[in-house]
Amino acid sequence: MIQKADLHTHSTASDGQYAPASLVQFAKARGIEVLALTDHDTLSGLEEAERAGEKLGLTVLRGVELGAKEYRNLHILGYGFSKETPGLRELCEKMRAGRDERKYRIIDFLREKGVEISLAEVEEAAGGDIISRPHFAQVMVHRGYVSTNREAFDRYLDTEEYQRIERFKADAQTCVEAIRTAGGRASLAHPYQVGLEEEDLESLVRQLKEYGLEGIECWYPRHSPEQTAFYLRLAERYGLHITGGSDFHGEKVKPDIQLAAWELEMDWLLA
Ligand code: AMP
Ligand code: MN
Ligand code: MN
Ligand code: MN
């Protein structure tokens, strides 16, 4: 069945602005029938989202977005895994611990640049247990070091120099397999962000398919029509399902991105 879906969203459980239940409310108001909550490296917002979905009569699909280590923005979306998922939970926990260890290095990096913010402020901004770069950006805006989230990334948090600050990530095969072992299905998030030319991206998709990838996020607000067309061709060529998501984080984090209601074939994910 084709349904209006947004299969890529973030809540306060990672770096989104809104609590899972609020997100589900917005989705309902927007006429979305299926919402996947795909927080970075954590499953902690899912129960709240599922409860809100039941209350409002909207299908909430359990999701997660895992950052793989091969490329800076190689992200794997996982959907519909079961609740008892020791392997996936363990992988998320390793990623959480890696973020926890990284936070001190980001504070030091910013201090070297003359940006003095405290870890306590960042942790307060994060609220939960996932500490992500937008939380640092938020504090920098609040303290007047920059005027927007975008500026915080352009000047400090996404510069060439910043790239030396790494954190633990698993390889793509481990991410895909963890999702599959948990009974879930994996889709390649925002393919353009991987930053590869068409031919290299195609090789990557072929490789991921061998690991068990089943979908590709063709519909994404920042894809050009040409990019979308290429990803749709890849889906066809490699027998991948088409997914779509807004990557909504809330307007304080990503001012130009709203929830989306893509028309997607959902049977493979909901059956
Ligand atoms: P982290 O996983 O903590 O390294 O942070 C990555 C998050 O920062 C992503 O999920 C985005 O929400 C955000 N992000 C990364 N790069 C940028 C950028 N150039 N501009 C704005 N936000 C970004
Ligand atoms: Mn994010
Ligand atoms: Mn992503
Ligand atoms: Mn995302």
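Residue positions are given per chain, counting from 1 as you read along its sequence in written order. Going through the entries in the order they are written, you letter the chains from A and number the ligands from 1. Only residues with pLDDT of at least 70 get local features here, since the model is predicted, and only at 80 or more are side-chain atom pairs given and counted; chain-wide, interface and lining totals rely on the full set of residues. By convention in this description, side-chain values take in all heavy atoms of the structure and omit both hydrogens and water.

1. As for the coordination of the manganese ion (ligand 4)
Tetrahedral coordination by four donors puts the ideal angle at the metal at 109.5 degrees, and octahedral coordination by six puts it at 90 or 180 degrees.
Okay, so step 1: Those donors, His8 (NE2), His10 (NE2), Glu65 (OE) and Asp247 (OD), are the protein atoms that reach the manganese ion (ligand 4), and they lie 2.1 to 2.2 Å from it.
Okay, so step 2: Each metal's donors are the N, O and S atoms found within 2.8 Å of it, except that Na, K and Ca use a 3.2 Å limit; water is left out, so coordination can look incomplete. Between the donor residues of the manganese ion (ligand 4), the gaps in sequence give the motif H-x1-H-x54-E-x181-D.
Okay, so step 3: Between the manganese ion (ligand 4) and the manganese ion (ligand 2), a separation of 4.9 Å is found. Linking Glu65 in strand β3 (residues 59–67) with Asp247 in the loop between β7 (241–244) and β8 (262–265), this pair joins segments that are 182 residues apart in sequence. Accessibility classification places Glu65 together with Asp247 in one group, the buried group. Helical segments are the DSSP runs of H or I of at least four residues, strand segments are the runs of E of at least two, and each set is numbered from the N terminus. Burial here depends on accessible area, computed with a 1.4 Å probe over protein chains only, as a share of the maximum for the residue type. Under 20% is buried, over 50% is exposed, and the range in between is partly exposed.

2. Quick notes on the coordination of the manganese ion (ligand 3)
Okay, so step 1: On the protein side, the manganese ion (ligand 3) has Glu65 (OE), His75 (ND1) and His190 (NE2) as donor atoms, found 2.1 to 2.2 Å from it.
Okay, so step 2: Sequence spacing of the donor residues for the manganese ion (ligand 3), all on one chain, is E-x9-H-x114-H.
Okay, so step 3: Between the manganese ion (ligand 3) and the manganese ion (ligand 4), the interatomic distance is 3.5 Å, and Glu65 donates to each metal, bridging them. With His75 in strand β4 (residues 75–79) and His190 in the loop between β5 (185–188) and α8 (198–211), this residue pair connects regions lying 115 residues apart in the sequence. Per residue, the accessibility class of His75 equals that of His190, and both read buried.

3. Focus on the packing of helix α3 (residues 86–112) against helix α5 (residues 133–142)
Okay, so step 1: Remark: α3 packs on α5, axes separated minimally by 11 Å, with the N-to-C direction vectors making an angle of 35°. Here α3 runs over α5; the crossing is right-handed. Residues Arg102, Lys103, Ile106, Ile107 and Leu110 of α3 form the contact with α5, whose own contacting residues are Arg133, Phe136 and Met140.
Okay, so step 2: Only Asp, Glu, Lys and Arg are considered charged in this grouping, and only Ala, Val, Leu, Ile, Met, Phe, Trp, Tyr, Cys and Pro are considered nonpolar; every other residue, Gly among them, is considered polar. Per-class residue counts for the contact of α3 with α5 are 5 nonpolar, no polar and 3 charged. Helix axes are fitted to C-alpha atoms over the stretch in contact, other axes to C-alpha atoms as well, and angles between N-to-C directions run from 0 to 180 degrees. Here is the rule for handedness: rotate from the far helix to the near one, and if that takes an anticlockwise turn smaller than a right angle the crossing is left-handed, while a clockwise turn gives right-handed. Contacts: residue pairs with any heavy atoms within 4.5 Å of one another.

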